[in-house]
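What follows is the residue order along each chain.
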Amino acid sequence: MNPISRRSLVLGGLATAGATALPLHSAVIAATAAVPYPFQLGIASGDPDPASVVLWTRLAPSPLNADGHGGMANANVTVDWQVSTNELFTTIVASGSVVATYASAHSVHVIAGGLNPDSDYFYRFRAQGHLSPVGRTRTTPALGAAGRNLTMAFTSCSHYEEGYFTVYRRIAEDNPGVVLHLGDYIYEYGTGTGRPRAHAGATEIVSLADYRRRYAQYKSDPDLQAAHAAAPWIVVPDDHELENNHAGNIRADSTPALTAAQWTARRTAAYQAYYENMPLRPAQASNGPAIPLFRRIRWGNLATFHMLDTRQYRSDQACGDGWKVCSDADLASRSLPGNAQESWLLDGLGLKASTWDIIGQQVFFARRFNASGASMDSWDGYRASRARIQQGWVNRGVRNPVVLTGDVHRAWASNLMADYNNANSAIIGSELVTSSVSSGGDGDGATTIPDVSNNPWLKFFNNRRGYVRTTMSPTELRADFRAVAKVTEHGAPATTVKSFVIQEGRPGLQTA
Ligand SMILES: [Fe+2]
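The structure presented is a predicted model; accordingly, all values stated were derived computationally and were not measured.

Here is what the cut-offs are and how they apply
Residues numbered from 1 in each chain as written. Predicted model: local features only at pLDDT ≥ 70, side-chain atom pairs only at ≥ 80, totals over all residues. Heavy atoms only, no water. Pairing = 2+ DSSP bridges. Helix = DSSP H or I, 4+ residues; strand = E, 2+ residues; numbered from the N terminus. Axes fitted to C-alpha atoms, helices over the stretch in contact; angles between N-to-C directions. Contact = heavy atoms within 4.5 Å. Disulfide = S-S within 2.5 Å. Buried < 20%, exposed > 50% of the residue type's maximum accessible area, 1.4 Å probe, protein only. Donors = N, O, S within 2.8 Å, 3.2 Å for Na, K, Ca; no water. Tetrahedral: all angles 85-135°; square planar, octahedral: opposite > 155°, others 65-115°. Core = buried A, V, L, I, M, F, W, Y, C linked by side-chain atoms within 4.5 Å. Left-handed = near helix turned anticlockwise from the far one by under 90°. Nonpolar A, V, L, I, M, F, W, Y, C, P; charged D, E, K, R; others polar. Domains from an automatic or database assignment. Buried area = accessible area lost by both parts, 1.4 Å probe. Salt bridge = Lys/Arg side-chain N within 4 Å of Asp/Glu carboxyl O. Polar contact = N/O pair within 3.5 Å; in protein donor to acceptor, adjacent residues only side chain to side chain. pLDDT = per-residue confidence, 0-100.

A.B. asks: Could you give an account of the sheet that holds strand E21 (residues 458–462), with specific residues and numbers?
C.D. replies: Pairing is mixed in the open sheet, where seven strands are placed in the order E12-E13-E15-E18-E20-E19-E21. Bordering the open sheet on either side are strand E12 (295–299) and E21, each of which pairs with just one other strand. Strand-to-strand twist in this sheet, taken as the mean axis angle between neighbours without regard to direction, amounts to 20°. As judged from the five bridges shared by strand E13 (residues 303–307) and strand E15 (residues 356–360), these two strands associate in the parallel manner. Bridging across to E15, Ala 303 finds its partner in Trp 356. Across the sheet, helix H7 (residues 339–351) is in contact with E12, E13 and E15; its angle to E13 comes to roughly 180°.

Right under this line is the structure:
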């Protein structure tokens, strides 16, 4: 995208206003000088289909205000929006107005419809006499059409305090067709010490105002804004959007102390703030202490994104969580996605609607154990659940399942095995694990695969921050593991540490 500054857009948009520009009202123009810029949190789009995409923004002229309302008064504000086929907005193909309310922290979720499949668009908003930055977005191919090859970048785990969001900037520069965020978009912790940046808010966030303010701080980051402006996103949370390592409504610890009612209120607040701050369709709006997030995004017949929620419906971590040798992890009664989501996933895989079945989720999927056991927070703590899903896709003849994972702040790649007790068993899929945006700090750059003798299906490891850039065609999926050497200083370049190719109809990783 051309580096058009926000300031030039404000002036240019007004100066070139004509039949195709946003309606100009004298009252709005008069307000321009008096009202501070409300688009400090940027703009975003997401969850595209062949004819529409959701457009997002949230008005917040003073993002860090403690009340979570970003400097907005208790009043409704009309927000105009436009979609164009070009960046100068000389041809408008969709437009309208919505009301941003105080109750929703002046966030808006617009479904821009009537668009053409597999097409690129630009969008912008206008409110209180100001124009927003311009975002680029894209519709999916029509169902049944492969469309163009797709570049998809995915990442996770962006702890604001632990580093700069350079990874987001590098994703934007790749000009992907779609971006997946697999969770830990924010962290709930209070302010740490000795870190390159600091959370606003000294203590762990609990209230709706706290969560709204935390999102506002993260979304004020220009690198994050650039990544949202570059492509539609498809997002799912992990644990830190609420609280570390929770399992459904079971807390992992008791700090801060909360009554049952306070914990319910906290979940309600966290889910409401998540919806308010993400480019999600209204079908994903929270409902009290719950939010319906697992969903499928069809990308024509090239790819289907099965986006999982591995937090809200899981059985409690076995054997008290942590790394354990734990026979309870084999109990058939336990599930990571929950029984309903397991069925939903297998039903969707059984459709075999596209070449690539991409399972976007949070925690490590392949077996990975060492002398201490395995992570009870990952699929190793829910082994029967994992076996049902793997065997389910084998039984259904799913040709190209690829699991995407975040959470562990390191890059990994793995083959998925029919039987992890037999290293010579069939390879039935692949897993690509992104490193973090910033969580964990710079990392030591290590590439030796830990415990590979116990886990020979593991094929790659890297301890740097980064993302995975995939390119999908009807014949192959290429994955480039991208890493930055530093996040404690701003602006490090990204390099490709390793590339793999997965051939259509041949599950498993091949070195590119
Ligand atoms: Fe994380």
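So, next bit.
A.B. asks: Pulling in residues and values, what's your account of the state of the cysteines?
C.D. replies: By the definition in use, this model includes one disulfide. Across a sulfur-sulfur distance of 2.0 Å, Cys 319 and Cys 326 are joined as a disulfide pair. In this structure, the disulfide formed by Cys 319 and Cys 326 twists by about 80° around the S-S bond and is classed as right-handed. Overall, Cys 319 belongs to the partly exposed group, its relative accessible area being 37%.

A.B. asks: Would you mind going over the coordination of the iron ion in detail, with residue names and values included?
C.D. replies: Coordination of the iron ion by the protein is provided by Cys 157 (SG), Asp 184 (OD), Tyr 187 (OH) and His 409 (NE2), with metal-donor distances spanning 2.0 to 2.5 Å. Considering all four donor atoms around the iron ion, angles at the metal cover 84 to 165° and the coordination shape is irregular. Expressed as a motif, the donor residue spacing for the iron ion is C-x26-D-x2-Y-x221-H. Here Cys 157 is found in the loop between strand E9 (150–155) and helix H3 (166–173), whereas its partner Tyr 187 is found in the loop between strand E10 (178–181) and helix H4 (208–219), with 30 residues between them in sequence. Grouping residues by exposure puts Cys 157 and Tyr 187 together as buried.

A.B. asks: With reference to specific residues and values, describe the nonpolar core.
C.D. replies: Core analysis: the largest hydrophobic core is formed by 38 residues, its most contacted members being Tyr 168, Tyr 185, Tyr 211, Trp 233 and Tyr 274. Every element with two or more residues in this core is listed here: H3, H4, helix H5 (222–230), strand E11 (233–235) and helix H6 (260–277). Here this core takes seven residues from H6, the largest share from any one element. In this structure Tyr 211 touches Ile 186, Ile 205, Val 206, Glu 241, Leu 242, Arg 266, Ala 269, Ala 270 and Ala 273, once residues within four positions along its chain are discounted. Formed by 30 residues, the second largest nonpolar core is a distinct cluster that contains Leu 150, Ala 411, Phe 460 and Ile 502.

A.B. asks: Lay out the packing of H4 against H6 in plain terms, naming residues and giving numbers.
C.D. replies: At their nearest, the axes of H4 and H6 sit 8 Å apart, and the two run at 30° to each other. Every pair of crossing elements has a handedness; the one defined by H4 and H6 is right-handed. Judged by residue contacts, Leu 208, Tyr 211, Arg 212, Tyr 215 and Lys 219 of H4 engage Arg 266, Ala 269, Ala 270, Gln 272, Ala 273, Tyr 274, Glu 276 and Asn 277 from H6. A class-by-class count of the residues in the contact of H4 with H6 yields seven nonpolar, two polar and four charged.

A.B. asks: How would you summarise the sheet that holds strand E17 (residues 373–375) if you had to cite specific residues and measurements?
C.D. replies: As summarised here, the arrangement of the three strands in space is E14-E17-E16, forming an open sheet in which the pairing is antiparallel. Whereas interior strands pair on both sides, the edge strands pair on one side only; in this sheet they are strand E14 (323–324) and strand E16 (369–370). Sheet analysis places E16 next to E17, joined by two bridges and oriented antiparallel. Across the sheet, residue Asn 370 finds its bridge partner in E17, namely Gly 373.

A.B. asks: Help me get a handle on the domain arrangement of the chain, residues and values and all.
C.D. replies: Domain parsing of the chain yields domain 1 (6–138) and domain 2 (150–511). Contacts between the two partners involve 35 residues from domain 1 and, on the opposite side, 33 residues from domain 2. Buried area between domain 1 and domain 2, both sides added, is near 2,700 Å², and the carbon and sulfur share of it is 52%. If you sort the residues of domain 1 by the area they bury against domain 2, Asp 47, His 109 and Arg 136 come out on top, with a joint share of 24%. Counting across the domain 1 and domain 2 interface gives two salt bridges. In this structure, Asp 49 and Arg 281 form a salt bridge, with 3.6 Å as the shortest nitrogen-oxygen distance. Taken together, domain 1 and domain 2 are joined by 18 residue pairs in polar contact (both at pLDDT 80 or more). Across the side of domain 1 that touches domain 2, the residue classes break down as 16 nonpolar, 13 polar and six charged.

A.B. asks: Give me the lowdown on unusual backbone geometry, citing residues and values where you can.
C.D. replies: Here the amide bond leading from Thr 255 into Pro 256 is cis, since omega sits at -5°, within 30 degrees of zero. Checked against the element boundaries, Pro 256 lands in the loop between E11 and H6. Its identity as a non-glycine residue notwithstanding, Asp 118 has a phi of 50°, on the positive side. If you trace the backbone, Asp 118 turns up in the loop between strand E5 (107–112) and strand E6 (120–127).

A.B. asks: Tell me about the environment of Thr 304, and name the residues and values.
C.D. replies: By the element assignment, Thr 304 lies in strand E13. Each C-alpha atom, one on Thr 304 and one on Asp 321, is 32 Å from the other, the two residues being 17 residues apart in sequence. Within the local environment of Thr 304, its side chain forms a polar contact with the side chain of Ser 354, the two groups lying 2.6 Å apart.

A.B. asks: Give a description of the confidence of the model for the chain that names residues and reports values.
C.D. replies: Mean pLDDT over the chain stands at 94; residues scoring 70 or higher make up 94%. Within the model, the stretch residues 1–21 combines pLDDT values under 50 with 31 contacts to residues more than four positions away or in other chains. Of the regions scoring below 50 in pLDDT, residues 23–31 engages in nine contacts with residues more than four places distant in sequence or in other chains.

A.B. asks: Provide a residue-level description of the pattern of salt bridges, including the pertinent values.
C.D. replies: Per the stated rule, a full pass over the model turns up 24 salt bridges. A salt bridge links Arg 469 to Asp 174; the shortest N-O distance between them is 3.2 Å. Of this pair, Arg 469 sits in strand E22 (residues 465–472) while Asp 174 is found in the loop between H3 and E10, placing the two residues 295 residues apart along the sequence. A relative accessible area of 18% places Arg 469 in the buried class. One salt-bridge network, in which partners are shared between bridges, spans Asp 118, Asp 120, Arg 138 and Arg 148.

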